[in-house]
Amino acid sequence: MDFTGGTTLSNGHSPSSFTQFNSALTAGLLNPMSPPPPLDKTRSSPTLFEMMASEPDIHPRNQTQNQAQTQVPISASRQQQQPPPVIDKQALTMQRISDLLSTRSPGNQFNDPVSSDIKLTLSSKDDISVSMNVHRQILVAHSRFFAVKLSDRWAKQQRNGSSGPYIVEIADCDDVEVYIETLRLMYCKDLRKRLMREDVSKVLGILKVSAAIGFDAGVLSCLEYLEAAPWAEDEEEKVASLLAELRLENVGAGEVLKRVSVEVTNGTDEGGDNEEVLLRLLHVVLEGKDEKARREMKVLVSKMLHENSSQNDLRKESLYAACDGCLELLRHHFLRAASSDLQDVSQIARQADNLHWILDILIDRQIAEDFLKSWASQSDLADCHSKVPAVHRYEVSRVTARLFVGIGKGQLLASKEVRCLLLQTWLVPFYDDFGWMRRASKGLDRHLIEDGLSNTILTLPLAWQQDILLAWFDRFLNSGEDCPNIQRGFEVWWRRAFYRRSGGQELPRQLQVKLSNCP
């Protein structure tokens, strides 16, 4: 750019100073090791270099930063206001179809305009229309549909002395892209190798077209792929649904369905061993040696049984047989520990944990009432409870706590005699172990257990409530945190005992604390 013109800058300085500065720079006079150039005495105004050296650069820098700060939010807001780009799905589909038609391996004659004798046009319901070059001989050899449609008689009728290719149109295709993929397979020597590049959804589409046009080699190759390839969870239902729709049992679909369903053949149900498998899983978990793995598998098996609880997969008798086995082992080791034989004492906590897990399953299936009766009747275990060290016995009280929660939430419906017997047998041992449970059991929901105990007590007749809650009141004042806080249940009993239902207050009667035996 030429700065030598006669134009005067806005600050009043002549542009000749630029010429002198550039000349000095070119001549190397501004080298730091060289002396400064001689002063031009005739110059009446400072040069641009002098002004730049003497002028502070704080103001322009701050100004630039302020401009950037004011511009960034504006540009960001504009970007946020811009609508997302619209994706033309039909254009993407046409691009993929174009790639299919233009890609041919050496020696493959698919869509070869030179050697083909049929101009095939495919059109779909969503207004996609595609034409391609195919070979009548290949279509007839591989597809029963084309063997009928493109017969010799049809070819003679279509020829009529013309030397051009046959014109064939197929309308209302569900998916033109998949139809083209299926036709390409007819030109492949190794169909399985070609399908390995596809995913399950694409192979399902090819299978559907192959079955519709009678392309048996394509059907078999798709079924072999589906039998060997892994499926995603959402694809499993699609596979089973399509195979059931196409009814391909005679050509290998049964092998594919074996993965997701029990095969029924010759009128004999081979799924009758479902219960045996589930019981085996149940016992493997109960007897497993790795505690971390046991915890993880308990969660998994419980989840599976819960999701399938409406099916007759596991009979009540089978669950109670496993439960009785754990209870017998618990009794054996508990009574040995009470007689100061601490060999295998760790089995007490293990079997109690197993019972707690099975009880969860019974409650989930609403068949836990018999367990409640059986547990409430274990008076000999409760009597010797205090003789077993608390570190080994507190897991037993977790079973009692689970029953309290079940009764308190309405998951267990038992007679008042059974509920009272449970409290008579296990309430004091439960109090004794509560401190240990609170400190040693990870994830223990103290408030859930306290609410369950309160509600269990409040289901009894008022006189029984009084005896239990007054005994708790005395114990809580002497034990504090090591005793469950069932103050809410105490307040409800108090209102029931000393207030009329109408809301009017009556004079409190004298309370008499006495023991009451349950009938």
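The present account deals with the structure reproduced in this document. Values in this document were obtained by computation on a predicted structure and should not be read as measured data.

Rules and cut-offs
- Residues numbered from 1 in each chain as written.
- Predicted model: local features only at pLDDT ≥ 70, side-chain atom pairs only at ≥ 80, totals over all residues.
- Heavy atoms only, no water.
- Helix = DSSP H or I, 4+ residues; strand = E, 2+ residues; numbered from the N terminus.
- Contact = heavy atoms within 4.5 Å.
- Areas by Shrake-Rupley, 256 points an atom, 1.4 Å probe, with all protein chains shown as cover.
- Core = buried A, V, L, I, M, F, W, Y, C linked by side-chain atoms within 4.5 Å.
- Buried < 20%, exposed > 50% of the residue type's maximum accessible area, 1.4 Å probe, protein only.
- Axes fitted to C-alpha atoms, helices over the stretch in contact; angles between N-to-C directions.
- Parallel < 35°, antiparallel > 145°, perpendicular 65-115°, else oblique.
- Nonpolar A, V, L, I, M, F, W, Y, C, P; charged D, E, K, R; others polar.
- Pairing = 2+ DSSP bridges.
- Polar contact = N/O pair within 3.5 Å; in protein donor to acceptor, adjacent residues only side chain to side chain.
- Phe/Tyr/Trp six-rings, centres within 6.5 Å; stacked < 30°, edge-to-face > 60°.

Things to note about the overall build of the protein chain
Thinking step 1. Scanning the protein chain from terminus to terminus reveals 24 helices and five strands.
Thinking step 2. Contacts in the protein chain between residues at least 24 apart in sequence constitute 69% of all its contacts with a sequence separation of at least 6.
Thinking step 3. Carbon and sulfur atoms provide 52% of the accessible area of the protein chain, an area that totals close to 31900 Å².

Side note on the nonpolar core
Thinking step 1. Among the nonpolar cores identified, the biggest contains 74 residues, and L355, F371, W375, L422, F430 and L453 are the most heavily contacted of them.
Thinking step 2. When near neighbours in sequence (up to four residues on either side) are disregarded, L453 contacts F404, L423, L427, F430, Y431, P484 and I486.
Thinking step 3. Of all hydrophobic cores here, the second largest spans 54 residues; its members include L120, L150, L183 and I206.

Quick notes on the packing of helix α22 (residues 446–458) against helix α24 (residues 487–498)
Thinking step 1. Taken N-terminus to C-terminus, the directions of α22 and α24 make an angle of 25 degrees; their axes are 8 Å apart at the nearest point. The angle between α22 and α24 places the two elements in the roughly parallel class. In contact with D451, S454, N455 and L458 of α22, α24 contributes R488, G489, V492, W493 and R496.
Thinking step 2. Of the residues contributing to the contact of α22 with α24, the split by class is three nonpolar, three polar and three charged.

Here we look at the environment of Q487
Thinking step 1. Residue position: Q487 is located in helix α24.
Thinking step 2. When the C-alpha atoms of Q487 and F473 are compared, they prove to be 8.5 Å apart, with 14 residues separating the residues in sequence.

Considering the pairing of strand β2 (residues 129–134)
Two faces make up the sheet, and in a regular strand the side chains alternate between them.
Thinking step 1. Examined bridge by bridge, strand β1 (residues 118–124) and β2 share six bridges and lie antiparallel to one another. Directly across from L122, in β2, lies its bridge partner V130.
Thinking step 2. Between β1 and β2, which pair antiparallel in sequence order, lie four residues; one of them, D127, sits at a positive phi of approximately 65 degrees.

Structural notes on helix α8 (residues 176–185)
Thinking step 1. Where burial is concerned, most of α8 is hidden: ten out of the ten residues are buried.
Thinking step 2. With a side-chain oxygen positioned 3.0 Å from the backbone nitrogen of E177, the residue opening α8 is D175.

Here we look at the packing of aromatic side chains
Thinking step 1. On inspection of all chains with the given rule, the structure shows 16 aromatic pairs.
Thinking step 2. With a centroid separation of 6.0 Å and an interplanar angle of 20 degrees, the aromatic rings of Y394 and W436 are classed as stacked. Of this pair, Y394 sits in helix α20 (residues 390–408) while W436 is found in helix α21 (residues 416–440), placing the two residues 42 residues apart along the sequence.
Thinking step 3. The class of Y394 is buried, set by a relative accessible area of 12%.
Thinking step 4. When the ring of W494 is compared with that of F498, the centres are 4.3 Å apart and the planes differ by 45 degrees; the resulting orientation is tilted. Linking W494 with F498, this pair stays in helix α24, spanning four residues, or about one helical turn.
Thinking step 5. An aromatic cluster is defined as three or more aromatic residues linked by ring pairs; in this entry it consists of W472, F473, F476, F490, W493, W494 and F498.

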